[in-house]
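# Inside the fold
Take a look at the letters that make up each chain.
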Amino acid sequence: MIGASLSRWTMAFFAVSLVCLILAETLMAVGYGFPSHAIEAPETLVVVHLVAIGWLSLLMCGALFQFVPVLVAKPLWRPFLALPVLACLMAGLGFLLAGFLQLAGTLESDLPFLILGGCLLPLGFAMAIWILGETLWRARPLPLPARFVATGLICLLVLAFLGSLFAHLLSGWIPAERLAAERGRLVPLHAAMGIGGWLTFSAVGVSYRLLPMFMLAPDHERATSRWVWLSGSAALLALGLGVLLELALGASTSLSFGVAGICGLVALVLYGTDLAFFYRHRKRRQLELNIKASGGAFAALFASALLCGVLVASGTLERHVGALVYLVFFGWLSGLALSQLYKIVPFLTWLECYGPVMGRKPTPRVQDLVAERRDGPWFILYFAGVFAATGALLAEELTLFRLGSAVVCIATLAIVVELVLARRLANVSASLRLPEGTRLPRLFMAASGGR
Amino acid sequence: MNQPPYELDVRPILRDGGEPFSAIMQAVEALAPGQSLRLLATFKPLPLFQVLGARGFQPAAREIGGGDWEVLFMPVDAAPSSAEQHPAVPDSTQGDWPLPSIEIDCRDLMPPEPMVKTLEAVEAIAPGATLVALLPREPRFLFPEIETRGCLWRGEQQPDGSYRIVIRRGEGTGAA
């Protein structure tokens, strides 16, 4: 049955990650973490890791378990490890957050939460890298989108190692004075590897496959796309090796970040031309909501680059780095993720439910699983909230920021409700909903392949 | 079969923006009994497969570089019954397949529509019959679905990135 091609636990990854997103947005709306607390405060670390690990990394892992086989036209290697990955990452994140709460004094306990988190999270990510890495390795030579993902996975390796190192340092288990002193300079590398390498680079790679597919645009490998990969990889290499080398030599890390910034900018400009190409050469004139909403995410990506440039030029990057990270997290990465989930969840649900009777019974279209006219305003509200909250952070208007966060949270909740309705086939007309031979998909788990 | 194939190069006509169909049909009319037609074109002339198939010719196509194609249309009576005659179509089974009864073009449809249309067409043909579907890309989700329904397939990536699949509906229990 069609379930053979569906990754069984992908919906569970999506569900847990969406819960983390809503939790993080609620915390920001009620004034927990930055900007109410300092940017390096444990409260801020709680929110940042809830978003970076709980929401975006879990989502990316679940999505890649489904997409990497499609990208390389080979089955996923060791798919049974997907559930242990989910368990390790959820438990690891729980311990990490508990550890931060310990540091904040909210949680009084002698248990070594940070150490536990600092061990379980790298273990979970290592298993995810193993599954995906081996699947990619066996599919060489890799098509371009898969090469982006491969680079993203290497960054995840560096990211998880650094994260674990920090967790051990913060807990006091590694009494390395010098290393602890360098922590402040390694944190930007940790953030860049996470946001730029693992999340952005993998998302760009997947977008090279998804966008042409859903817009019916030509998806042959373009020279500009290859240069996006090359220049982006060069930026990440400059960070990964350059920063460590400069630290070892006792220099500042500005050269590496400068080189990475220029290479990253080249990648971004070329990516912009590719996006414009897909849009202009699409065969599908009428765009669906997921593609329209992705436009907000791409706007946020390029606005982030512009903001970063302005902040660096005006020497205010350190002061406003919170606003920049917020725009990247919520405008670009979360915006793209929510937009694509709006297509991916109905699509996978459709395959799971109607695949077995396809061609034999009348079935609804994938578009019939969602109500685009009703949901469009939620995406508009989401991006309006994100841009308003970013502006409020730049203007250091605390109350306005919380208001913007609340709007973002409400819009997210509405989109999540729509995803649940799509999964329950609630928008499908009764006559087409469950033809003989089909059954309602379970909310969090795809039906087993059965073969 | 002893006669050499009649050779027709329609590439100059195509490059001038012309329509070679009448020239091809004239050539077919001029063929001696049992003689094959060797056609050279700037693309794989899929529509011709069906037209000449109806006249009892079996195609064997191969790309000859520069995007050009050579197709040998052999009279079915004279054609050797071997899958070697289909070098462009990877063989996933033994033996001969009947000529496709229909050809559907799903290249401009959004996923999963190409899969839906293809399976609808599979359900519509008789057991043992074959069909050709042109799809926007390699149909990863379609392959296991076809096999589960007891059908066989042969597929190949096209130079333009699309995918051509020949599906043979299962005998006996059929695809149902």
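Look up: the structure comes first, before these words.
Just so we're clear, the structure is a prediction, and the values are computed from it rather than from any experiment.

Glancing now at the packing of aromatic side chains. Residue and element names in this part refer to chain A. Counting across every chain of the model gives 17 aromatic pairs over all chains. Between Y208 and F278 the ring centres are 6.1 Å apart and the planes differ by 80°, which places this aromatic pair in the edge-to-face class. With Y208 in helix 6 (residues 177-215) and F278 in helix 8 (residues 254-280), this pair connects stretches of sequence that are 70 residues apart. Consider the rings of W350 and Y354, whose centres lie 5.9 Å apart with planes at 55°: the pair is tilted. Here W350 and its partner Y354 are both found in helix 10 (residues 317-354), four residues apart, which amounts to about one turn of the helix. Here W350 and Y354 have matching classes, each one buried. In textbook terms, an aromatic cluster arises when at least three aromatic residues are bridged by ring pairs, as seen for F148, F201, Y208, Y271, F277, F278, F298 and W332. Against the face of F277 rests R222, its NZ or CZ located 3.7 Å from the ring centre.

Here we come to the nonpolar core. With 177 residues, the main nonpolar core has W55(A), F65(A), W332(A) and I165(B) as its most contacted residues. Per element, the largest residue contribution to this core is 22 residues, and it comes from helix 10 of chain A. Discounting chain neighbours no more than four positions away, the residues touching W332(A) are T200(A), A203(A), V204(A), Y271(A), A297(A), F298(A), A300(A), L301(A) and L327(A). Counting residues in hydrophobic clusters, the runner-up holds 21 residues, among them I24(B), L46(B), L48(B) and L134(B).

So, on to the interface of chain B and chain A. By convention, interface size is frequently given as the accessible area that disappears when the constituent parts associate. Each partner contributes to the interface: chain B provides 22 residues, whereas chain A provides 32 residues. Three residues stand out in chain B for area buried against chain A, namely M110(B), R137(B) and F141(B), and they jointly supply 32% of the buried area on that side. Here chain B is connected to chain A by three salt bridges. The partner of D108(B) in a salt bridge is K283(A), and the shortest N-O contact between them spans 2.9 Å. Seen at the junction of chain B and chain A, the total is six residue pairs in polar contact (both at pLDDT 80 or more).

Residues and elements named next belong to chain A. Inspection of the secondary structure puts S304 in helix 9 (residues 289-313). S304 sits in the buried class, given a relative accessible area of 5%. Not counting residues within four places of it along the chain, the set of residues in contact with S304 comprises L324, L327 and V328.

Moving on, we come to the sheet that holds strand 6 (residues 130-135) of chain B. Residue and element names in this part refer to chain B. Read from one edge of the open sheet, four strands run 5-6-8-7, paired in mixed fashion. The open sheet has two edge strands with one neighbour each: strand 5 (100-105) and strand 7 (152-157). Strand-to-strand twist across the sheet, computed as the mean angle between neighbouring axes with direction ignored, equals 15°. When strand 6 meets strand 8 (residues 163-168), the two strands line up antiparallel, connected through six bridges. Of the residues in strand 8, the one forming a bridge with V132 is V166. Sitting on the sheet, helix 3 (residues 46-54) touches strand 5, strand 6 and strand 8, and the angle it makes with strand 5 is about 155°. Where helix 4 (residues 113-124) meets the sheet, its contacts fall on strand 5, strand 6 and strand 8, and the angle it forms with strand 6 comes to roughly 170°.

Let's shift gears to the environment of L169(A). Mapped onto the fold, L169(A) is located in helix 5 (residues 144-170). Sequence separation of L169(A) and I115(A) is 54 residues, and the distance between their C-alpha atoms is 9.2 Å.

This next bit is on the packing of helix 10 of chain A against helix 11 (residues 372-394) of chain A. Residue and element names in this part refer to chain A. Contact geometry for helix 10 and helix 11: axes closest at 8 Å, N-to-C directions at 170°. One way to sum up the angle between helix 10 and helix 11 is to call them roughly antiparallel. On helix 11, the residues touching H320, G322, A323, Y326, L327, F330, G331, S334, G335, L338, S339 and Y342 of helix 10 are E372, D375, F379, Y382, F383, V386, F387, A389, T390, L393 and L394. Residues that form the contact of helix 10 with helix 11 fall into these classes: 14 nonpolar, seven polar and two charged.

The next thing to look at is the pattern of salt bridges. One pass over the structure, following the stated rule, counts 24 salt bridges over all chains. One salt bridge in this structure joins K343(A) and E288(A), with 2.8 Å as the shortest N-O distance. Note that K343(A) is positioned in helix 10 and E288(A) in the loop between helix 8 and helix 9, a separation of 55 residues in sequence. R15(B) is paired through a salt bridge with D68(B); the nearest N and O atoms lie 3.2 Å apart. Remark: D68(B) occurs in strand 4 (residues 68-75) and R15(B) occurs in helix 1 (residues 11-15); sequence separation between them is 53 residues. Under the relative-accessibility criterion, D68(B) is labelled buried at 9%. Via salt bridges that share partners, R360(A), E123(B), E145(B) and R149(B) belong to a single interconnected network.

Each value, and the rule that gives it
Residues numbered from 1 in each chain as written. Chains lettered and ligands numbered in written order. Predicted model: local features only at pLDDT ≥ 70, side-chain atom pairs only at ≥ 80, totals over all residues. Heavy atoms only, no water. Phe/Tyr/Trp six-rings, centres within 6.5 Å; stacked < 30°, edge-to-face > 60°. Helix = DSSP H or I, 4+ residues; strand = E, 2+ residues; numbered from the N terminus. Buried < 20%, exposed > 50% of the residue type's maximum accessible area, 1.4 Å probe, protein only. Lys NZ or Arg CZ within 6 Å of the ring centre and 35° of its normal. Core = buried A, V, L, I, M, F, W, Y, C linked by side-chain atoms within 4.5 Å. Contact = heavy atoms within 4.5 Å. Buried area = accessible area lost by both parts, 1.4 Å probe. Salt bridge = Lys/Arg side-chain N within 4 Å of Asp/Glu carboxyl O. Polar contact = N/O pair within 3.5 Å; in protein donor to acceptor, adjacent residues only side chain to side chain. Pairing = 2+ DSSP bridges. Axes fitted to C-alpha atoms, helices over the stretch in contact; angles between N-to-C directions. Parallel < 35°, antiparallel > 145°, perpendicular 65-115°, else oblique. Nonpolar A, V, L, I, M, F, W, Y, C, P; charged D, E, K, R; others polar.

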